[in-house]
Amino acid sequence: MSVIRMPSASPSTARAINDRLALDLLHREGSLTATQLKTLTGLSRPTVADLVERLQDAGLIEIVGEAGAERRGPNAKLYGIVAERAFLAGLDVRTHGMAVSVADLLGRTRAEASVPFELDVETDVAVERAIALLKTTAAEAGATELHTIAVGAPGLVDPATGGLRPAGGLPAWHGKLVDELRRRLGVPVLLENEVNVAAAAEQRLGAARDRDTFVLLWLGFGVGAAVVLDGSLRRGASGGAGEIGFLPMLGPGRLPTATDCDGGFHTLAGSAAICELARAYGLPASPADNAEAAEAAIGYAIDAEAEEFLEIVAERIAIGTAAITAVLDPGCVVLGGEVGRAGGEALAARVSRRLAEISPLRTEIRAGTVGGSAVLEGAVLTAMSAAQDALFTPG
């Protein structure tokens, strides 16, 4: 019988693996001594000493203090990642404006700003204002240049081109902004659907921290979903995984089309539908019918204990959720967006009860906890992960 011998890692590959392991530990655990790195990595003392020297020479880690008030000497030195080694930016691009956050390599916010836009703003004007805001915010953060930028925007991201697919109702400046950032700044500019980056925030910071499989159901002006399976975001063959607003609904009314989701789940659970239902029940709801109006209507209904209205909203959400669970069976659905945020645990509990009545699959319904900054925080996390991958992986 022949014995198959697996090739061992080359010295350079082994060093790269060890370096990344140490950097990931320093990011997750904070500053550590060489002894602590040895314990956590299982590497020998000489190997740890070599990697510490290597990472210091690369400008990735530095001595940040000593362990214990009375300890001195080489073994007491605390090492930490050089947060200023790179700066990154997250952009939350919306129909009515843009928000930007500039952070360091550890994802810590250094400066934030936002700018509103009128719906009829000229494309070139909006692009120039947005880029100017990004540059000003980066300067306030102390960043002479940005390493990576991540943009969260509504709409479909074409996996073949990395750009936004033209869609009715979305401003033209969204796509042009990304193109101009890539052309002018010459740094990686990552574009992701807004719900997908919000899911990254909920998984890292919010309601899905203990889940590697879940769906974020975004309930705002429109509805959408982000699908995370086995720890990986699933975008679909054309980037359209989670476009649940187009899910056809049985009953009277026209079907959605390829360019218009009216007649789909959007018509049942989007902000206009929520506001219309609220007015039908005598609850105050702004005629603007936007996400903020729906958020206010849900909040008022919970405070006023408008049970019948809330039960109908929960039933509508449960219908879309049942379709998700029938196909994916994620075990956990997080309610996000303005409606999910306003409804909180009270709405999540109602959706859970209603879903259990119409679906045989056990699914936990959770309220999103990241809040109104989910897209912006998710964009920062996306940029941070990409920057760390680039800097923490030699060659």
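- The name an unreviewed UniProt entry gives the protein is Putative NBD/HSP70 family sugar kinase, with Amycolatopsis umgeniensis as the organism.
- Within the UniProt record for the protein, the comment given under Sequence similarities (unreviewed entry) is "Belongs to the ROK (NagC/XylR) family."

**Brief notes about the overall build of the protein**
At step 1: The secondary structure content of the protein amounts to 12 helices and 13 strands.
At step 2: With the C-alpha coordinates aligned to their principal axes, the bounding extent of the protein is approximately 75 × 60 × 55 Å.
At step 3: Residues counted as buried form 46% of the 395 residues belonging to the protein.
At step 4: A separation threshold of at least 6 residues defines the contact pool for the protein, and within that pool the share at least 24 residues apart is 62%.
At step 5: Summed over all atoms, the accessible surface of the protein reaches about 19,000 Å², with 53% contributed by carbon and sulfur.
At step 6: Taken together, the 35 basic and 49 acidic charged side chains of the protein have centroids lying 8 Å from each other.

**Some details on helix H4 (residues 123-140)**
At step 1: Compared with the 26 Å implied by 1.5 Å per residue over 18 residues, the 26 Å span of H4 between its first and last C-alpha is a close match.
At step 2: Inspection of H4 places Ala 126, Val 127, Ala 130, Ile 131, Leu 133, Leu 134, Thr 137 and Ala 138 among the buried residues, and these make up the whole buried set. Buried residues of H4, viewed axially, fall in a sector of 155 degrees; they line one side. When the buried face of H4 is taken as reference, the exposed residues oriented beyond 90 degrees from it are Ala 139 and Glu 140.
At step 3: Elements in contact with the buried residues of H4: strand S4 (87-94), strand S5 (97-104), strand S6 (109-116), strand S7 (148-153) and helix H5 (173-185).
At step 4: The first or second residue beyond H4 is Gly 142, which carries a positive phi of 85 degrees.

**Description of the domain arrangement of the protein**
At step 1: Domain assignment breaks the protein into domain 1 (11-81), domain 2 (87-196 + 375-392) and domain 3 (208-369).
At step 2: In this structure, domain 1 and domain 3 have C-alpha centres spaced 46 Å apart.

**Overview of the confidence of the model for the protein**
At step 1: Of the residues in the protein, 94% reach a pLDDT of 70 or more, and the chain-wide mean stands at 91.
At step 2: Ranking the elements of the protein by mean pLDDT puts helix H1 (residues 11-29) last with 89 and strand S13 (residues 364-367) first with 98.
At step 3: Considering only residues more than four positions removed or in separate chains, one finds that residues 1-6, a stretch of pLDDT under 50, has zero contacts.

**Focus on the environment of Asp 179**
At step 1: By the secondary structure assignment, Asp 179 is in helix H5.
At step 2: On the basis of relative accessible area, Asp 179 is assigned to the partly exposed category, the value being 45%.
At step 3: Considered as a pair, Asp 179 and Leu 164 are 15 residues apart in the sequence and their alpha carbons are 9.8 Å apart.

**What about the nonpolar core?**
At step 1: Among the nonpolar cores identified, the biggest contains 45 residues, and Ile 61, Phe 214 and Leu 216 are the most heavily contacted of them.
At step 2: Counting only elements with at least two residues in this core, the list comes to H1, helix H3 (45-57), strand S3 (77-81), helix H6 (194-205), strand S9 (214-219), strand S10 (223-229), strand S12 (332-336) and helix H12 (374-392).
At step 3: When residues in this core are grouped by element, the largest group, 10 residues, is from H12.
At step 4: The contact partners of Ile 61, leaving out residues within four places of it in the chain, are Leu 23, Leu 26, Val 52, Leu 55, Gln 56, Tyr 79, Gly 80, Ile 81 and Val 82.
At step 5: Membership of the second largest hydrophobic core comes to 39 residues, among which are Val 223, Ile 244, Ala 293 and Ala 306.

**Some words on empty space enclosed by the protein**
At step 1: What the rule picks out here adds up to one cavity of 30 Å³ or more.
At step 2: A volume near 80 Å³ is recorded for the largest cavity.
At step 3: Around the largest cavity, the lining is made up of 14 residues, and of these Glu 202, Gly 336, Gly 337, Gly 368 and Gly 371 lie nearest the centre.
At step 4: Residue assignment for the lining of the largest cavity shows that the elements contributing at least two residues are H6, S9, S12 and helix H11 (337-358).
At step 5: Looking at the lining of the largest cavity, its residues break down into six nonpolar, six polar and two charged.

**A word on the pairing of strand S8 (residues 189-193)**
At step 1: For S8, the tally of buried residues reaches four of five residues, placing the bulk of the element in the interior.
At step 2: As defined by bridge partners, S7 adjoins S8 across five bridges and the pair is classed as parallel. Following the sheet pairing, Ala 153 is matched in S8 by Asn 193.

**So, the side chain of Asp 289**
At step 1: Tracing the backbone through its elements, the reader meets Asp 289 in the loop between helix H8 (271-280) and helix H9 (291-304).
At step 2: Apart from the residues lying within four places of it in its own chain, the contact partners of Asp 289 are Phe 221, Ser 271, Ala 272, Cys 275 and Arg 279.

**Side note on unusual backbone geometry**
At step 1: At Asp 230, a residue that is not glycine, the phi angle is positive and equals roughly 55 degrees.
At step 2: Structurally, the position occupied by Asp 230 is in the loop between S10 and strand S11 (232-234).
At step 3: The backbone of Asp 289 sits at a positive phi, close to 55 degrees, despite the residue not being glycine.
At step 4: Assessed through its relative accessible area of 18%, Asp 289 is described here as buried.

Parameters at a glance
Residues take numbers from 1 onward in each chain, read along the sequence in its written order. Reporting of local features is limited, given that this is a predicted model, to residues whose pLDDT is at least 70; pairs of side-chain atoms are given and counted only at 80 or more, and all residues count toward the totals for whole chains, interfaces and linings. The basis for every side-chain value is the complete set of non-hydrogen atoms in the structure, without hydrogens or water. UniProt positions are given in the numbering used here, feature names are shortened, and annotations may be inferred rather than shown by experiment. Numbering goes from the N terminus for both helices and strands, where a helix is a DSSP run of H or I of at least four residues and a strand is a run of E of at least two. Each residue is assigned to one of three classes by its accessible area relative to the maximum for its type, calculated with a 1.4 Å probe on protein chains only: buried under 20%, partly exposed between the two thresholds, exposed over 50%. Throughout, a contact is declared for two residues whenever any of their heavy atoms are within 4.5 Å. Computed with the Shrake-Rupley method and a 1.4 Å probe, the accessible areas treat only the protein chains shown as cover for residues. The charged-residue count follows a simple rule in which Lys and Arg add positive charge and Asp and Glu add negative charge, with His and chain termini not counted at all. We put the charge of a Lys on NZ, of an Arg on CZ, of an Asp on CG and of a Glu on CD. A helix is expected to span 1.5 Å for every residue after the first. Relevant arc is that of directions from the helix axis to the C-beta atoms, nothing else. Where each domain begins and ends is defined by an automated method or by a domain database. The pLDDT score gives, residue by residue, the confidence of the prediction method on a 0 to 100 scale. In this text, buried Ala, Val, Leu, Ile, Met, Phe, Trp, Tyr and Cys residues form a nonpolar core when linked through side-chain atoms within 4.5 Å. Cavity and pocket criteria rest on a 1 Å grid covering protein atoms alone: a 1.4 Å probe that fits but cannot get out defines a cavity, protein on both sides within 12 Å along at least 5 of 7 lines defines an open pocket, and an atom within 4 Å of a point defines a lining residue. Grid points are joined across faces, edges and corners, and a volume is the space filled by probe spheres set on the points. Throughout this entry, Asp, Glu, Lys and Arg are counted as charged residues, while Ala, Val, Leu, Ile, Met, Phe, Trp, Tyr, Cys and Pro are counted as nonpolar. The remaining residues, Gly among them, count as polar. For two strands to count as paired, DSSP must find a minimum of two bridges between them.

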